Amino acid sequence: MIAYISEMLSYPFMSRAFITGLFISAAASCIGVNLVLRHFSMIGDGLSHSGFGALAVAVALHQSPLLISLPAVLLCATLILSFSQKIKLPSDASIAMLSSVSLSVGVMVLSVTTGMNTDVCNYLFGSILGMKVNDMYITMGLCSAVVLIYILMYNNFFAVTFDSEFARAAGIKVGRCNFILAMMCAVIIAVGMKMMGALLISNLIVMPALTAMRVCKRYMITVIYSIGLSIFCFISGLTISYSFSTPTGASIVLVNLALFIIHCLIASLKRRCI
């Protein structure tokens, strides 16, 4: 197995994808537990759809998709929070509205410019072949920043996730924590679209957290286990993709699904034994 992975990583594009994927997997699973526990996991799906609109604009302008999609997704995350807090619009309604509008903008831009070309399909469904060196370094830096912020604000995120009223009474700025968490999610969506695809990247945030929650009860253990699961699923999915020439994003998602089912069965057996 180790020899096979070594052979796979002998190709430069595979080694770039491997390094990039490890950083994205670790960063995504850090915030996934918080998003799931707060019933805010759909923000990842909404932001990924928003990223498609930015991607279409980038392709039409012949610009770097990452440089266009990153500020666009950050803006959408800000708008979602603003709609929820200032206009008192439900968060799920805000996400649905922005995601549909962004998709419409993307489809409209593509229809009057380049059409649905190969570059767009790669970003929709994921492709490791186009992972450039600059993209790898940018992704490594941004994901490292996400993990560092999560570690520094761990206690705040913990308090806000389980009891926002207590956190507010304790002097924690709940609104700022929510904003930072949304920005971290937006960054992961933007940098992960190339590997996982705009339509699948939210799975990398949500599924490892859901799987870990089947068997873990403590918050910290759940986060750590979620990170391990996410990295394992990425490596397994990348290996399957290399071996059978399947789409990378879809392979990772299916491995995540298989582990989720296995953990559900384990949790069911544990309840019966008690």
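Counting from 1, residues in each chain are numbered in the order their sequence is written. Side-chain atom pairs in this predicted model are given and counted only at pLDDT of 80 or more, local residue features only at pLDDT of at least 70, and totals for whole chains, interfaces and linings cover all residues. The side-chain figures draw on all heavy atoms in the structure; neither hydrogens nor water molecules are used.

Peer 1: Quick rundown of the side chain of Ser-226? Include the residues and the values.
Peer 2: Here Ser-226 is to be found in helix H12 (residues 219–244). Those residues in contact with Ser-226, other than ones at most four positions away along the chain, are Ser-29, Val-33, Pro-208, Ala-209 and Ala-212. Strands here mean DSSP runs of E at least two residues long; helices mean DSSP runs of H or I at least four residues long; both are numbered from the N terminus. Two residues form a contact once any of their heavy atoms are found within 4.5 Å.

Peer 1: Outline a nonpolar patch on the surface, supporting the account with residue identities and numerical values.
Peer 2: Each patch is assembled from residues with relative accessible area greater than 30% and no salt bridge, linking like charges that lie within 9 Å and nonpolar side chains (Val, Leu, Ile, Met, Phe, Trp, Tyr) that lie within 5 Å. Per-residue and other accessible areas were derived by the Shrake-Rupley procedure at a 1.4 Å probe size, with only the shown protein chains allowed to occlude residues. A side-chain nitrogen of Lys or Arg and a carboxyl oxygen of Asp or Glu constitute a salt bridge if their distance falls within 4 Å. Among the surface-exposed residues, Leu-254, Leu-257, Ile-261 and Leu-265 lie close enough to one another that they form a single nonpolar patch of about 390 Å² accessible area. Summarising the element assignment, Ile-261 is placed in helix H13 (residues 248–273). Think of it in three bands: with a 1.4 Å probe and only protein chains considered, a residue is buried below 20% of the maximum accessible area for its type, exposed above 50%, and partly exposed in between. On the basis of relative accessible area, Ile-261 is assigned to the partly exposed category, the value being 45%.

Peer 1: I'd like a rundown of the pattern of salt bridges, residues and numbers included.
Peer 2: As a working rule, side chains carrying opposite charge can pair if their charged atoms are close by. Summed over the entire model, instances satisfying the criterion amount to one salt bridge. Two residues, Arg-168 and Glu-165, come together in a salt bridge whose shortest N-O distance is 3.3 Å. Here Arg-168 pairs with Glu-165, and both are found in helix H9 (residues 164–169), just three residues apart, close to one helical turn. Owing to a relative accessible area of 54%, Glu-165 belongs among the exposed residues under this scheme.

Peer 1: Tell me about the environment of Ser-127, residues and numbers included.
Peer 2: Examined against the element boundaries, Ser-127 turns out to sit in the loop between helix H6 (118–125) and helix H7 (133–152). When its relative accessible area of 10% is taken as the criterion, Ser-127 is described as buried. Linking Ser-127 and Ala-17, residues 110 residues apart in sequence, is a C-alpha distance of 9.2 Å.

Peer 1: Please provide a residue-by-residue account of the nonpolar core, values included.
Peer 2: Put simply, buried Ala, Val, Leu, Ile, Met, Phe, Trp, Tyr and Cys residues joined by side-chain atoms within 4.5 Å make one nonpolar core. Ranked by internal contacts, the top residues of the largest apolar core, which has 65 residues, are Ile-31, Ile-43, Leu-47, Tyr-150 and Ile-205. Filtering out sequence-adjacent residues up to four positions away, Ile-31 remains in contact with Tyr-150, Leu-181, Met-184, Cys-185, Ile-188 and Ile-205. Core analysis: the next-biggest nonpolar cluster, separate from the first, contains six residues, Phe-52, Val-59, Val-109 and Leu-110 among them.

Peer 1: How would you sum up the state of the cysteines? Please name residues and give values.
Peer 2: A pair of cysteine sulfur atoms is labelled a disulfide when the two atoms are within 2.5 Å. Counting across every chain of the model gives zero disulfides. Free of any disulfide, Cys-143 has its nearest neighbouring cysteine sulfur in Cys-30, separated by 9.9 Å. Relative accessible area serves as the criterion here: at 1%, Cys-143 is assigned to the buried category. Here Cys-185 is not cross-linked by a disulfide; its sulfur's nearest cysteine counterpart is in Cys-76, at 12 Å. Exposure remark for Cys-185: the relative accessible area of 0% places this residue in the buried category.

Peer 1: Describe the environment of Ser-94, with residues and values.
Peer 2: Counting through the fold element by element, Ser-94 comes out in helix H5 (residues 91–112). Residue Ser-94 is classed as buried on the basis of its relative accessible area of 0%. Separated by 73 residues in the primary sequence, Ser-94 and Ala-167 have C-alpha atoms spaced 25 Å apart.

Peer 1: Report on unusual backbone geometry, specifying residues and quantitative values.
Peer 2: One non-glycine residue, Ser-245, lies in positive phi territory at about 55°. By relative accessible area, which is 68% here, Ser-245 ends up exposed.

That is the geometry; function is a separate question.
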